[in-house]
Amino acid sequence: MASSSLFQGSPFSLKSNPSLPKSHASPTHFTIKASKHHRRPADENIRDEARRHNATHNHRLSAKYVPFNADPSSTESYSLDEIVYRSQSGGLLDVQHDMEALKKYDGEYWRSLFDSRVGKTTWPYGSGVWSKKEWVLPEIDSDDIVSAFEGNSNLFWAERYGKQFLGMSDLWVKHCGISHTGSFKDLGMTVLVSQVNRLRKMNRPVVGVGCASTGDTSAALSAYCAAAGIPAIVFLPANKISMAQLVQPIANGAFVLSIDTDFDGCMQLIREVTAELPIYLANSLNSLRLEGQKTAAIEILQQFDWEVPDWVIVPGGNLGNIYAFYKGFHMCKELGLVDRIPRLVCAQAANANPLYLYFKSGWKEFKAIRASTTFASAIQIGDPVSIDRAVYALKNSNGIVEEATEEELMDAMSQADSTGMFICPHTGVALSALTKLRNSGVIKPTDRTVVVSTAHGLKFAQSKIDYHSKNIKDMACRFANPPVQVKADFGSVMDVLKKYLLSKAPKY
Ligand SMILES: *Cc1c(COP(=O)(O)O)cnc(C)c1O
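Residues numbered from 1 in each chain as written. Predicted model: local features only at pLDDT ≥ 70, side-chain atom pairs only at ≥ 80, totals over all residues.

The name an unreviewed UniProt entry assigns to the chain is threonine synthase, from the organism Senna tora. Looking at the Catalytic activity (unreviewed entry) heading of the UniProt record, one finds this comment for the chain: "O-phospho-L-homoserine + H2O = L-threonine + phosphate". (UniProt positions renumbered as here; feature names shortened; annotations may be inferred.)

1. Focus: the overall build of the chain
Within the chain one finds 18 helices and 13 strands. Its C-alpha atoms give the chain a radius of gyration of 24 Å, near enough to 23 Å, the size a compact globule of 508 residues would have. Taking the principal axes of its C-alpha atoms as reference, the chain extends roughly 80 × 60 × 55 Å. Among the 508 residues that make up the chain, the fraction classed as buried is 45%. Taking as baseline every contact in the chain between residues at least 6 positions apart, the subset at least 24 positions apart corresponds to 70%. (Helix = DSSP H or I, 4+ residues; strand = E, 2+ residues; numbered from the N terminus. Rg over C-alpha atoms; globule rule 2.2 N^0.38 Å. Buried ≥ 20, exposed ≤ 12 C-beta atoms within 10 Å, placed from the backbone. Contact = placed C-beta atoms within 7 Å.)

2. Description of the domain arrangement of the chain
When cut into domains, the chain gives domain 1 (5–133), domain 2 (155–181 + 289–468) and domain 3 (185–288). The interface is formed by 16 residues belonging to domain 1 together with 15 residues belonging to domain 2. Among the secondary structure elements, those contributing two or more residues to the side of domain 1 that touches domain 2 are α2 (99–102) and α3 (107–117). When residues of the side of domain 1 that touches domain 2 are assigned to their parent elements, the largest contribution, 5 residues, is made by α3. Taken together, the residues that form the side of domain 1 that touches domain 2 break down as 8 nonpolar, 3 polar and 5 charged. (Domains from an automatic or database assignment. Nonpolar A, V, L, I, M, F, W, Y, C, P; charged D, E, K, R; others polar.)

3. Examining the environment of Pro 309
Checked against the element boundaries, Pro 309 lands in the loop between α11 (295–303) and β10 (311–315). Pro 309 sits in the buried class, given 21 other C-beta atoms within 10 Å. Expressed as a C-alpha distance, the spacing of Pro 309 and Thr 449, which sit 140 residues apart in the sequence, is 6.1 Å. Apart from the residues within four sequence positions on either side, Pro 309 is in contact with Ile 300, Phe 304, Pro 342, Arg 448, Thr 449 and Val 450.

4. A word on the UniProt feature "modified residue: N6-(pyridoxal phosphate)lysine" (unreviewed entry) in the chain
In the UniProt entry, the feature "modified residue: N6-(pyridoxal phosphate)lysine" (unreviewed entry) is given for Lys 185. Note on placement: Lys 185 falls in helix α6 (residues 185–201). On the basis of neighbour count, Lys 185 is assigned to the buried category, with 35 C-beta atoms found within 10 Å. Contacts of Lys 185, omitting those with residues within four sequence positions, involve Asp 216, Thr 217 and Ala 220.

5. Observations regarding helix α17 (residues 461–468)
Taken together, the buried positions of α17 are Ser 463, Lys 464 and Tyr 467. Looking straight down α17, one finds that the buried residues subtend no more than 100° of arc, so they occupy a single side. What points out from α17, more than 90 degrees from its buried face, is the exposed set Gln 462 and Ile 465. Buried positions along α17 lie against α15 (406–417) and α16 (425–439). Of the residues trailing α17, Lys 470 is marked for its positive phi of about 50°. (Arc of directions from axis to C-beta.)

6. Observations regarding the sheet that holds strand β8 (residues 255–259)
The strand order β8-β7-β6-β9 describes an open sheet built from 4 strands, whose pairing is parallel. The outermost strands of the open sheet, each flanked by one partner alone, are β8 and β9 (279–281). Within this sheet the neighbouring strands show an average axis-to-axis angle of 25°, counted without direction. Where strand β6 (residues 208–212) lies against strand β7 (residues 232–237), 4 bridges are found, and the strand directions are parallel. Counted as the bridge partner of Cys 211 is Val 234 from β7. (Pairing = 2+ DSSP bridges. Axes fitted to C-alpha atoms, helices over the stretch in contact; angles between N-to-C directions.)

7. A word on the confidence of the model for the chain
Confidence along the chain averages 90 in pLDDT terms, with 91% of residues attaining 70 or more. Confidence over residues 1–29 falls short of pLDDT 50; this stretch has 54 contacts with residues more than four positions distant or in other chains. Contacts of residues 31–35 to residues separated by more than four positions or lying in other chains number 12 contacts, the stretch itself having pLDDT below 50. (pLDDT = per-residue confidence, 0-100.)

8. A short note on the site of the ligand
Around the ligand, the structure places 17 residues, and the nearest of them are Asp 216, Asn 318, Asn 321, Thr 454 and Ala 455. Partitioning the shell around the ligand into residue classes produces 6 nonpolar, 9 polar and 2 charged. (Near = placed C-beta within 6 Å.)

9. Quick look at the sheet that holds strand β2 (residues 78–79)
Strand order across the open sheet formed by 3 strands is β2-β1-β3, with antiparallel pairing between neighbours. Either end of the sheet is taken by a strand with one partner, and the two such strands are β2 and β3 (93–97).

10. Some words on the packing of α11 against helix α12 (residues 320–334)
Here α11 crosses α12 at 50°, and the two axes come no closer than 6 Å. Considered as vectors, α11 and α12 are oriented oblique to each other. In this structure, the crossing between α11 and α12 has a hand that is right-handed. For the pair α11 and α12, the contacting residues are Thr 295, Ala 296, Ala 297, Ile 298 and Leu 301 in the first and Phe 325, Gly 328, Phe 329 and Cys 332 in the second. Each residue belonging to the contact of α11 with α12 can be placed in one class, and the counts come to 7 nonpolar, 2 polar and no charged. (Parallel < 35°, antiparallel > 145°, perpendicular 65-115°, else oblique. Left-handed = near helix turned anticlockwise from the far one by under 90°.)

11. Re the pairing of β10
Residues in a regular strand point their side chains to alternate faces of the sheet. Where burial is concerned, most of β10 is hidden: 5 out of the 5 residues are buried. Bridge analysis of β10 against strand β11 (residues 343–349) gives 5 bridges, and the strand direction is parallel. Within β11, the residue paired with Trp 311 across the bridge is Arg 343. Crossover connection from β10 via α12 to parallel β11: handedness right-handed. Two elements, β10 and strand β13 (residues 449–453), share 3 bridges in a ladder whose sense is parallel. Bridge pairing in β13 places Ile 313 opposite Val 451. (Right-handed = clockwise from strand over helix to strand, strands pointing away.)

Below you can see the structure in the form of structure tokens.
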């Protein structure tokens, strides 16, 4: 199938002669900025500009909710404009795209379209999520989108960490946490809040959006709702969250309820409340968020010029993200952008490892557990909502599950930091999983491997301070690098510096 309409009148030319697919005769089917050299008028902003271009928008693509992994005979489905979180039988939902409509365009078409949008400010394609709009929410009006131009995150070549600790030459860290609110949750939240914005414009009964969370989800929800002027309601367990976790929703003007219970208690309460009040539920049960998160997988392929890595390692808690990565990779294969998908590894904290235990049992029987405290606090979950999604993703990608103890994950984080990164404990879990798979020979020294980093290290500064001051019970903190206390006189400073320089001097 030939590439088509987008490039008509655009600054791009294709190797093959562009011709329109028969059923898509409109040259304005997808619109991008057609006038390269004309600056938009002074009284027009980028949203106005998109609106003007969209006047001729002609939707042929669509998506709907269906029960996750439904029986082929099932006809149950819902419009994305309905407010529905679960299937009739109480199971998970999934956003299903009209793949036949997408397949009218070939892989080269999609690769060129996505590549053409990177690094621009054209609304809304400057976002790493919305640059894939046709695969995310094809029917939403660009005018309804709430975006902070999230995504397009750095794929960091971990040269020194790979060489020094693993003997690897092709190791990469996808820094999803170098983002608007400091975690990959932004990728999903831009989609959820955009859809809510659309529902409100359609006068659907949504007065506010709510979630229960101790950290990254509430931060992302609060920021996107604030950007759109939509009330955000956040349920947080009292006295169980740090200042860093609390300050983001407060600063963004969310209505923060501090409730005398734990995370599970907050979750239970918000579910009961959203059943009674016109509050839209933003927890990870919501399958809209995964549509945004899956763009990180597409972005990885794009950053490798559409060459497929051998392994992708994702830290998992509620287990939505591992499925989102699978879905992104799988769509790229199904639509001909690449010819295979990477093997996926889900990495869990040993203190919160129900998926690991299930995998080790040969997928025999899943048992929810009571998760213990872990420094990787965002994955401290014993009864993951998206367990079925994760199992599906792993079985269909020849996947593996690994685990990391507290000492392993903190050591890995500290070693990575010592090579110039500043990662979060969850990324430490993923790096520990990599170390184990390297040591057992499953991952080879030359395998191209991507470790997904899920949050910014600055959000977890306290855990690093505790480690480097060797202030963690039952942990050796072998790679601690505490500051040296020194008297305020020249001689003392010279003494410690000379000792340090000698220890670092090259041996001749
Ligand atoms: C939410 C989160 C995770 C876990 O993602 P799941 O989809 O729940 O598996 C991992 N790391 C960080 C930093 C997170 O915020």
